[in-house]
Amino acid sequence: MANGLDEMNDPVAVDGRDVNVIQKQLPVKVGVGSTIFEVILWVLGIIPGLIFLFMKINAKTYLRKVEQKLQHDASQIDNYLEQRVVILQNAAKLLDKAIDLDKDTMTKIALYRSGRTTNDEVRNETSQAIDKLFGQVNVAFEQYPDLKAHQEIQECLRQNSYLQKEITAARELYNDTVYTWNSAIQEWPTKMIVAARLGYTTRIPFAASQEVKEQARGVFF
């Protein structure tokens, strides 16, 4: 039997292939077969029916726990994002005292101090916007080498670097929980049936912004 994937003869992606996160939530669906399966269990006797009923109750409890874990992990990201906005605002103010920083940048930073994000999509967009704004502040900083001796600005940049690492770690933890959720709701019969009846969908993991991806393709050395 030949290999399903033949590295010697099958076509290869010479130019490479970029990977992107698909921004789409897939609803969990079960067919008539699942209903028939449940009916058969009750036909076979009250004990099989009751056993599966308790299994569904346990599955529902499990999915709710994972959902709360998702909320906890998302909240952790929000906390770090909020701290980073504070650092960003402080850095912008320090730069504004020394140079004529773009007023539009200051206005946008203030907007992100108005409150926390509300869902996965908005949270991702907010994080990407903060990355972009800090890039603008950093460009202004690099244009004025004399400011590098400013200890308060150096401290802001150090704290920003630290928070970037914490956000990355928090995102990884969140994505792990998203994977747990997306896998669990597809486990037939119990979890999948419960998820379908409750109208659950898959969750979207965090993804790097287009700007960050383009920077990663750049020449660093």
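See above for the structure.
Sequence order as written defines the numbering, with residues in each chain counted from 1. Owing to the predicted nature of the model, reporting of local features is limited to residues with pLDDT of at least 70; listing and counting of side-chain atom pairs is limited to 80 or more, with chain, interface and lining totals taken over all residues. Each side-chain value is worked out from all heavy atoms of the structure, with water and hydrogens disregarded.

Now for the overall build of the chain. Under the DSSP-based scheme used, a helix requires at least four consecutive residues in state H or I and a strand at least two consecutive residues in state E, with every element numbered from the N terminus. A tally of helices and strands in the chain yields seven helices and zero strands. When its helices and strands are written in sequence order, the chain yields α-α-α-α-α-α-α. Burial classification: accessible surface area is computed with a 1.4 Å probe over protein chains only, and a residue below 20% of its type maximum counts as buried, one above 50% as exposed, and the rest as partly exposed. Split into buried and exposed, the 221 residues of the chain put 33% on the buried side. Sequence-distant contacts in the chain: of pairs separated by 6 or more residues, those separated by 24 or more amount to 78%. The criterion used for residue contact is that any of the two residues' heavy atoms lie within 4.5 Å.

Pairs were defined over the aromatic rings of Phe, Tyr and Trp, the Trp ring being its six-membered one, requiring ring centres within 6.5 Å. Orientation was assigned from the angle between planes: stacked under 30 degrees, edge-to-face over 60, tilted for the rest. Following the criterion strictly, the structure yields four aromatic pairs and no others. Relative to Trp188, the ring of Phe37 lies with its centre 5.1 Å away and its plane at 55°, an arrangement referred to as tilted. Here Trp188 lies in the loop between α5 (151-184) and α6 (190-197) and Phe37 lies in helix α1 (residues 32-44), a separation of 151 residues in the sequence. Its relative accessible area of 26% is what places Phe37 among the partly exposed residues. A relative accessible area of 46% places Trp188 in the partly exposed class. An aromatic cluster is built from Phe37, Phe52 and Trp188, whose rings are joined through pairwise contacts. Put simply, a charge is over a ring when the Lys NZ or the Arg CZ is close to the ring centre, within 6 Å, and near the line of the ring normal, within 35 degrees. The aromatic ring of Tyr62 is capped on one face by Lys191, whose charged end is 5.1 Å from the ring centroid.

Turning to the pattern of salt bridges, a few remarks are in order. Here, a salt bridge means any Lys or Arg side-chain nitrogen found within 4 Å of an Asp or Glu carboxyl oxygen. Under the definition given, this model contains six salt bridges. As a salt-bridge pair, Lys56 and Glu38 come within 2.6 Å of each other at their nearest N and O atoms. With Lys56 in helix α2 (residues 46-98) and Glu38 in helix α1, this pair connects stretches of sequence that are 18 residues apart. Judged on exposure class, the residue Lys56 and its partner Glu38 are both buried. Between Glu187 and Lys191 there is a salt bridge; the shortest N-O distance is 3.3 Å. According to the relative accessible area criterion, Glu187 is partly exposed, its value standing at 40%. The class for Lys191 is buried, based on a relative accessible area of 19%. Residues participating in the shared-partner salt-bridge network are Glu38, Lys56 and Arg197.

Another point: a nonpolar patch on the surface. Residues Trp42, Ile46, Ile47, Leu50, Ile51, Leu53, Phe54, Met55 and Ile57 make up a contiguous nonpolar surface patch of about 870 Å² in total accessible area. In terms of residue count, the dominant contributor to the nonpolar patch is α2 (eight residues). Tracing the sequence through the fold places Ile46 in helix α2. Surface patches are drawn from residues lacking salt bridges whose relative accessible area is over 30%; two like charges belong together within 9 Å, two nonpolar side chains (Val, Leu, Ile, Met, Phe, Trp, Tyr) within 5 Å. All accessibility values rest on the Shrake-Rupley procedure with a 1.4 Å probe; residue burial counts only the protein chains present in the view.

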